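# Structural overview for review
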Amino acid sequence: MSLCDLAPAYIRAISPYQPGKPISELAREMGLEEASIVKLASNENPLGIGEQTRAAIESALADIARYPDGNGFELKDALRRRYGVAMDQIVLGNGSNDILELAARAFLGPDREAIYARHAFAVYPLATQATGARGVEVPAQDFGHDLDAMLAAITPLTRVIFIANPNNPTGTFLPGDRIEAFLGKVPDDVLVVLDEAYTEYLGPEQRYDAIAWLSRFPNLLISRTFSKAYGLAGLRVGYGLGSAAVIDLLNRVRQPFNVTSVGLAAAAAALFDDDFLARSYALNRAGMAQLTAGFTALGLEWIPSAGNFVTVKVGNGAKVNQGLLRQGVIVRPIGGYGMPEWLRVSIGLESENTRFLEALPVALG
Ligand SMILES: *Cc1c(COP(=O)(O)O)cnc(C)c1O
């Protein structure tokens, strides 16, 4: 047997994550100018980053010959002040993806199970499978999480339940009181990972405070990111909030320097840039209205979304995606999520949304 055949079967069975196509790659493939390409494929912030954050990045560059603070004191202190949690309730990650991986590594393994919903974020099955645990996929309800079915799927082997709220790629949203009631029913020896990557985009009527639940539910781990509303996707910074005991376990399996010095400094600055966050929120609302009005005008069905993206039914998703790529527009086909008739489109600048809406009928043929 060859070396690679001897890797564990659960590793060999992993199908890799498929990211949005980079602008530079499409430019090479189609012979297009990079500047002419519109990318609405990875739920990035079309405004870029705020001025305060840019200044923090520039000053952090002066010190990049040094290792980062492996304990991330400055950013944790900023999070402590912002959210009123204790320092030992915070773990930092190389993106929140890292937090999901840490949770899987700390609590899963062969002969254990993790539960997640159909059409939920692709990293849950990936992180689960990488530990050798069994992934239990629960059927969706109107493309969202069916919490009762997820409760019913719990067995003595269940160690982790992953919930994304809002969910990616469907944008579906669970009201806070439903999640709170769910937490009250999950056995306290099962970790609930509540992935709030898009929480900053929730409307005032949708907001809820999961952090306030931590004192009642020591088996709750909240995961958040600086990649979306804060615009730092390229720097890879996320964080987890949980009970001190859970956070301590995650820190044991964390790489000593998993967040870069530039990322730490940028995130600490971004956290208090309320003006940038407010502008990002407002742009997203306006862009969501623009795209969904465009879909209505074209007679297309879409799934109401609480995130910074919206999923639209186009028929043959792969074919329409090709038609968009030929016009220099990158969106995300989601056949890998079991939704081959749909495309996920990130909310862009008004001009980018317009480019997409003009290209869409051409691609639909
Ligand atoms: C984008 C996303 C993340 C994580 O992104 P990071 O860049 O790793 O922080 C996590 N969960 C969901 C549901 C996402 O869509």
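Look up a bit, the structure's there.
All of the points below concern the structure found in this document.

Reading the values: rules and limits
- Residues numbered from 1 in each chain as written.
- Predicted model: local features only at pLDDT ≥ 70, side-chain atom pairs only at ≥ 80, totals over all residues.
- Heavy atoms only, no water.
- 1 Å grid on protein atoms, 1.4 Å probe; cavity = no way out; pocket = protein on both sides within 12 Å on 5 of 7 lines; lining within 4 Å.
- Points joined across faces, edges and corners; volume = space filled by probe spheres on them.
- Helix = DSSP H or I, 4+ residues; strand = E, 2+ residues; numbered from the N terminus.
- Domains from an automatic or database assignment.
- Nonpolar A, V, L, I, M, F, W, Y, C, P; charged D, E, K, R; others polar.
- Near = heavy atom within 4 Å.
- Polar contact = N/O pair within 3.5 Å; in protein donor to acceptor, adjacent residues only side chain to side chain.
- Sits in = over half its atoms within 2 Å of the grid points.
- Pairing = 2+ DSSP bridges.
- Axes fitted to C-alpha atoms, helices over the stretch in contact; angles between N-to-C directions.

We now examine the layout of surface pockets. In this structure, the largest pocket spans a volume of roughly 610 Å³. If you trace the largest pocket, you find 29 residues lining it, with Pro16, Gln18, Ala122, Gly336 and Tyr337 closest to the centre. Taken together, the elements giving at least two residues each to the lining of the largest pocket come down to strand E3 (113-117), helix H6 (123-129), helix H12 (317-326) and strand E12 (332-334). Looking at which domains feed residues into the lining of the largest pocket, each of domain 1 (19-48 + 274-364) and domain 2 (51-270) gives three or more. The computed volume of the second largest pocket comes to approximately 490 Å³. Along the walls of the second largest pocket sit 30 residues, with Tyr17, Ser42, Asn97, Phe121 and Lys228 positioned nearest its centre. For the lining of the second largest pocket, the secondary structure elements donating two or more residues are helix H5 (96-107) and H6. Along the lines of polarity and charge, the residues of the lining of the second largest pocket split into 14 nonpolar, nine polar and seven charged. Structurally, the lining of the second largest pocket is a two-domain feature, drawing no fewer than three residues from each of domain 1 (19-48 + 274-364) and domain 2 (51-270).

Glancing now at the site of the ligand. All residues in the neighbourhood of the ligand are listed as Gly95, Ser96, Asn97, Phe121, Asn168, Asp195, Ala197, Tyr198, Thr225, Ser227, Lys228 and Arg236. Ser96 is positioned such that a nitrogen or oxygen atom in its backbone is 2.6 Å from an oxygen atom of the ligand. Note that an oxygen atom of the ligand is positioned 2.5 Å from one of the side-chain N or O atoms of Tyr198. Its atoms largely coinciding with the cavity grid, the ligand occupies the second largest pocket. Partitioned by chemical class, the residues of the shell around the ligand number three nonpolar, six polar and three charged.

Attention now moves to the sheet that holds strand E2 (residues 90-93). Read across the sheet, seven strands follow the order E2-E8-E7-E6-E5-E3-E4 without closing on themselves; strand pairing throughout is mixed. What marks the edges here is a single partner per strand, and that holds for E2 and strand E4 (134-138). Pairwise comparison of adjacent strand axes, ignoring direction, gives a mean angle of 20° for this sheet. In the sheet, strand E6 (residues 191-195) pairs with strand E7 (residues 220-225) via four bridges, with the strands oriented parallel. In the sheet register, Asp195 faces E7, and the bridge partner there is Ser223.

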